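# Fold and geometry: a report
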Amino acid sequence: SFPTRRSSDLPGAPLVDEPTSIGGLCMAGGYCPLGSSKTTNCPPGTYNNYTGAASADDCQACTPGFYCAGSSNPAPSGECSAGYYCLSRSDSATQYEARPGYYAPAASSRETPCMPGTYNSETAQEECLACPPGYYCGNMSMTTFANWPCPTSAFCPEGSRVPTYCPIGTYQPM
């Protein structure tokens, strides 16, 4: 008779705790279906950190923000690269580029919009840039500041979300 999984075992938990006279324990990073003579690798984008797995269902989808390159992974290969984000089952550190107006630090599972006061005109960026002096960036996800000059009756230091209007009795030199 073959060993059976206890109901308390999690997916990927071994069927047996140690090798038996029937054969060796299936290695982490793969699974061994009934009657197999060798380990079958988990597919790209997945991993299995348990020995003794019995089916492809025991291979776990790679965690969002991480990637699982190649096959036979006992753990995620690493974090997704800065400027990129990775959804579940990613097999690349550069699965999706952050779009202009967005950014993605390393290990991101989604792109994040640039906040008011910042912009980003390029793809695959780790952070947004502060709006330069003389301009303001009043919206989220801005890709340029060029169309947002500070009005002549106001001043806009670096990172301005809104113009700061000059107090009564003062002016902004041109």
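Residues numbered from 1 in each chain as written. Predicted model: local features only at pLDDT ≥ 70, side-chain atom pairs only at ≥ 80, totals over all residues. Heavy atoms only, no water.

Oppositely charged side chains may form a pair once their charged atoms are brought near each other. Tallied over the full model, the rule gives one salt bridge. The salt bridge partner of R99 is E111, with a shortest N-O separation of 2.6 Å. With a gap of 12 residues between them, R99 in the loop between β8 (96-97) and β9 (102-103) and E111 in the loop between β9 and β10 (112-113) connect regions that are remote in the sequence. Take E111: its relative accessible area is 12%, and that puts it in the buried class. (Salt bridge = Lys/Arg side-chain N within 4 Å of Asp/Glu carboxyl O. Helix = DSSP H or I, 4+ residues; strand = E, 2+ residues; numbered from the N terminus. Buried < 20%, exposed > 50% of the residue type's maximum accessible area, 1.4 Å probe, protein only.)

This model, assessed by the stated rule, comprises seven disulfides. The side chain of C26 participates in a disulfide bridge whose partner is C32; the two sulfur atoms lie 2.2 Å from each other. Residues C26 and C32 are joined by a disulfide whose S-S torsion is about 85°; by sign, that bridge is right-handed. Across this residue pair, the class does not change: C26 and C32 are buried. C131 shares a disulfide with C137; S-S distance 2.2 Å. (Disulfide = S-S within 2.5 Å.)

Mapped onto the secondary structure, C42 falls in the loop between β2 (40-41) and β3 (46-47). In this structure the C-alpha to C-alpha distance between C42 and A28, which are 14 residues apart in sequence, comes to 9.2 Å.

Another aspect to go through is the packing of aromatic side chains. Evaluation of the coordinates by the stated rule reveals four aromatic pairs. Ring pairs connect the aromatic residues Y119, Y135 and F145, which therefore count as one cluster. Here the guanidinium or amino end of R99 rests over the ring plane of Y102, the centre of that ring lying 4.4 Å away. (Phe/Tyr/Trp six-rings, centres within 6.5 Å; stacked < 30°, edge-to-face > 60°. Lys NZ or Arg CZ within 6 Å of the ring centre and 35° of its normal.)

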